[in-house]
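Each chain, written out:
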Amino acid sequence: MRRHWIVLGVGAVLACVVFFIGSALIAKDVKQITLEMVLLQHKITERQIERFKLSQAPLLSMLTGHPDVGQFASRVMDDETGVTDLFFHTVKANPVIMQLRLLDLQGNEQIRVDRLRNGEVTVIDDNALQNKAHRDYFQTFSRLKQGEWEFSDFDLNIEQKKIEMPFNPTLRAGMPVQCEGEICGLIIINYYMEDWLHNLGTVVDSRLLLVDRDGYFLLHPEQDWAWSRYTERPRKMDDFYGRDLSSLYLTPQGHAWIDDSTVALPLYFFDQEILAVYRLNRSPNLLYREKILEFSVIMLLALVLVLVPVFWLIHDTMRQMRQEKKLAQNSRDYLDTVFNHTFDAIIVINAQASIQRVNNAALTLFGYSREELCGENVNILVPEPYKSRHDSYVQNYKSTGRMIINADRDISALHADGHKIPVSIAITQMWLDEELYFIGTIRDLSNVKELEERSRKQEMMIQQGKLAAMGEMLGAIAHQWRQPLNSIGLIIQDLASAYKHDDLDGDYFRQSQQEMLQQLHYMSDTIDEFRNFFTQGKKVQACNLLAVLQEITQLYWAQLKAHGISVRHRCYLDGELRPCPTDGDLPSEFALQSCPAEIKQLLLNLIANAKEAIEKLANPTQKQYCIEVQLTATENEITIDVCDLAGGVSSEIRSRIFEPYFTTKKMGTGLGLYIAKTLSTNPLHGTLVYLDRVAEDGDDVVGSIFRLSLPRYPGDVFGDAQK
């Protein structure tokens, strides 16, 4: 009996030892798990802060790098409308922005856009702008170098040197504005942080408190303690917990337990070192007691009901099997949905080339039903001569491994009604239960081919127009050559007469030779100009539109002169319309990056169109025998107006003048204005429109204006020219 009591006593002691060891391990695990939860929360908090920072960097870079901002900040541009609109729409699109400001280097607000607490966005009047040179954040931001940006200390919003009430937690970000390699101002953004702070640190079951370097609360779930530096009676973290905790917030290092349910961790909060304090909603001691109770119950149940866990495992296994079956069914439904809702047709065949599965896009593309395709040989979709050889392709791949896999090929497929469809096909292979299958992904290229054909026809029309323009130029050369050829003929006749009358000496002969060479050089220069007229097609390069006009006029003047028509070039310079300069350096206002060959072809079509309209006039006046070309340059584009007073275009046909093959001429092709319109869009990226014209003296003579607007490319010199 005594031995039984000893055994029972030893068993009881061992049970107690196991219980206490288990309790200690549970206590340790509970505290470790709690700490890991807090560390996870802390990492999430840090990522939320970092994500907010990274989301604002592109916005700051966009604002400081915007050309209008730089020009206004450097006083190159006095008009603030563009910058104000940019700031207004930026604030409108970003609800978190409270203020967006442009400050000069002395701290004066130049432009300021505010979002009121009711959500209204307003532009602050100039007389309400303030000087912020005394604020700490301005001192911090003014020390930034080019390309650097930084956040200010997290604080409350202060207006007119008074803290805004109720408290408005605010964060500021600043970045210098660069003007021609130097800093000329600051962009500063104020953010509403109240809602953002409310969402910070709410992922895990805890409450987040933020403490600054001086021990004052920035964020606290109890309103009386939030922003405790600015409350009626300033109170620190030490007052809340009733002991000195300065070692935590003055030099935060690692984690520290303040009490059983509170952990403090250092936090780099928008370039500001502060302390993050996490108050757990459930104390580790409470969790420990719950775990001990669970542990005791489990031990008791383990002793009394050994089979209960077995039954539970069986039940759990069956439940998991049901869940896995449901997940498998959901996966099949998901794959079926994806398979049948892709835009590309998908066909699965086996190693014998028999169709196993098709999606809805394949049924639409080929015009078959699912029952008609599944089980059929895939060559039902292959036209001759490949249809009869298709099965051998599959067999050759199986035997030789020839690479047809993952190769994108353009071929023709066969529709159910017998017509061919241009498609692109890519084939992949897969093995299921040791059986080989092929997956064909097919894309309909009908629209692509149609666009290619349309583009080819349009290119052909442009080439036809270019040939027509070259015909115009050949006519111009013929007129220009007529005079030098006549001069050479007269010189030859004069030489023959001088020889006949013995007046032909060395000086006389050399003088005649020099005159003939001058005429020949003139003819050679004309050919060189014609040869270079249409070079560099569709190549973007630097050119001056005034030089382009001079080249056109130089080659075409004889053709126009033969019909008594003059061309007058006028330019808007220094705010007035006056004759364009013909000698010296050309004005840089009319320089841009574009395609000069296409501009020449387009303008030649417009000038030739005006010439033909003048020739059709019954009794033209003297001023109607003039074609005027006007050039206007702005910061963003250059406008060329080709003007005439040849009667204009009637309202009945005005909407159709740019249509292909539409013409009112007996021998016209209807391509001139269509090609001009096409060139203005591509490759010139501009616009061509028709406008009515009335004579400047106010009489009833009317005419036409064809206005070509060409955009400036980055790097054009208009801005430099204006300086």
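These remarks concern the structure in this document.

Conventions and cut-offs
- Residues numbered from 1 in each chain as written.
- Predicted model: local features only at pLDDT ≥ 70, side-chain atom pairs only at ≥ 80, totals over all residues.
- Heavy atoms only, no water.
- Helix = DSSP H or I, 4+ residues; strand = E, 2+ residues; numbered from the N terminus.
- Buried < 20%, exposed > 50% of the residue type's maximum accessible area, 1.4 Å probe, protein only.
- Contact = heavy atoms within 4.5 Å.
- Areas by Shrake-Rupley, 256 points an atom, 1.4 Å probe, with all protein chains shown as cover.
- Axes fitted to C-alpha atoms, helices over the stretch in contact; angles between N-to-C directions.
- Left-handed = near helix turned anticlockwise from the far one by under 90°.
- Nonpolar A, V, L, I, M, F, W, Y, C, P; charged D, E, K, R; others polar.
- Pairing = 2+ DSSP bridges.
- Core = buried A, V, L, I, M, F, W, Y, C linked by side-chain atoms within 4.5 Å.

A word on the overall build of the protein. A tally of helices and strands in the protein yields 18 helices and 27 strands. Residue burial in the protein is summarised as follows: out of 723 residues, 40% are buried. The long-range fraction of contacts in the protein, counting pairs at least 24 apart against all pairs at least 6 apart in sequence, stands at 59%. In the structure as shown, the protein presents an accessible area of about 41,400 Å², 55% of it carried by carbon and sulfur atoms.

Turning next to the packing of helix H16 (residues 596–615) against helix H17 (residues 672–681). At a minimum axis distance of 9 Å, the contact between H16 and H17 shows a crossing angle of 150°. Between H16 and H17 lies a crossing whose hand is left-handed. In this structure, H16 contributes Glu598, Gln601, Leu602, Asn605, Leu606 and Asn609 to the contact, and H17 contributes Gly672, Leu673, Ile675, Ala676, Leu679 and Ser680. In terms of residue class, the contact of H16 with H17 is made up of 6 nonpolar, 5 polar and 1 charged.

Bringing the sheet that holds strand S22 (residues 576–579) into the picture now. Pairing within the open sheet is mixed, and its 6 strands lie in the order S22-S21-S24-S25-S27-S26. At either end of the open sheet lies a strand with only one pairing partner, and these are S22 and strand S26 (687–694). Going across the sheet, the axis of each strand differs from the next one's by a mean of 25°, ignoring polarity. Two strands pair when backbone bridges link them, and strand S21 (residues 566–573) and strand S24 (residues 626–633) are joined in this way by 6 bridges, in the parallel orientation. Within S24, the residue paired with serine 566 across the bridge is cysteine 626.

Attention shifts here to the nonpolar core. By size, the foremost hydrophobic cluster in this structure holds 52 residues, and its most contacted members are Phe87, Ile187, Leu210 and Phe269. Here this core gets 7 residues from one element, more than from any other, and that element is helix H1 (residues 2–65). Residues contacting isoleucine 187, with those up to four places away along its chain left out, are Leu60, Leu63, Thr64, Val69, Phe87, Leu100, Arg101, Leu102, Ala173, Gly174, Met175 and Val177. Among the nonpolar cores identified, the runner-up in size contains 47 residues, and Tyr556, Leu603, Ile657 and Leu673 belong to it.

Burial analysis of strand S1 (residues 97–103) places 7 of its 7 residues in the buried class, which makes it a mostly covered element. The sheet contact formed by S1 and strand S9 (residues 182–192) spans 6 bridges and is antiparallel. Residue pairing for S9: leucine 102 is matched across the bridge by isoleucine 187. Alignment of S1 against strand S2 (residues 109–115), held across 5 bridges, turns out to be antiparallel. In the strand pairing of S2, glutamine 99 is matched with aspartate 114.

Let's shift gears to the sheet that holds strand S13 (residues 262–268). Read from one edge of the open sheet, 5 strands run S11-S10-S14-S13-S12, paired in antiparallel fashion. Here the strands that pair on one side only, and so sit at the sheet edges, are strand S11 (217–219) and strand S12 (256–259). Direction aside, neighbouring strands of the sheet carry axes that sit 35° apart on average.

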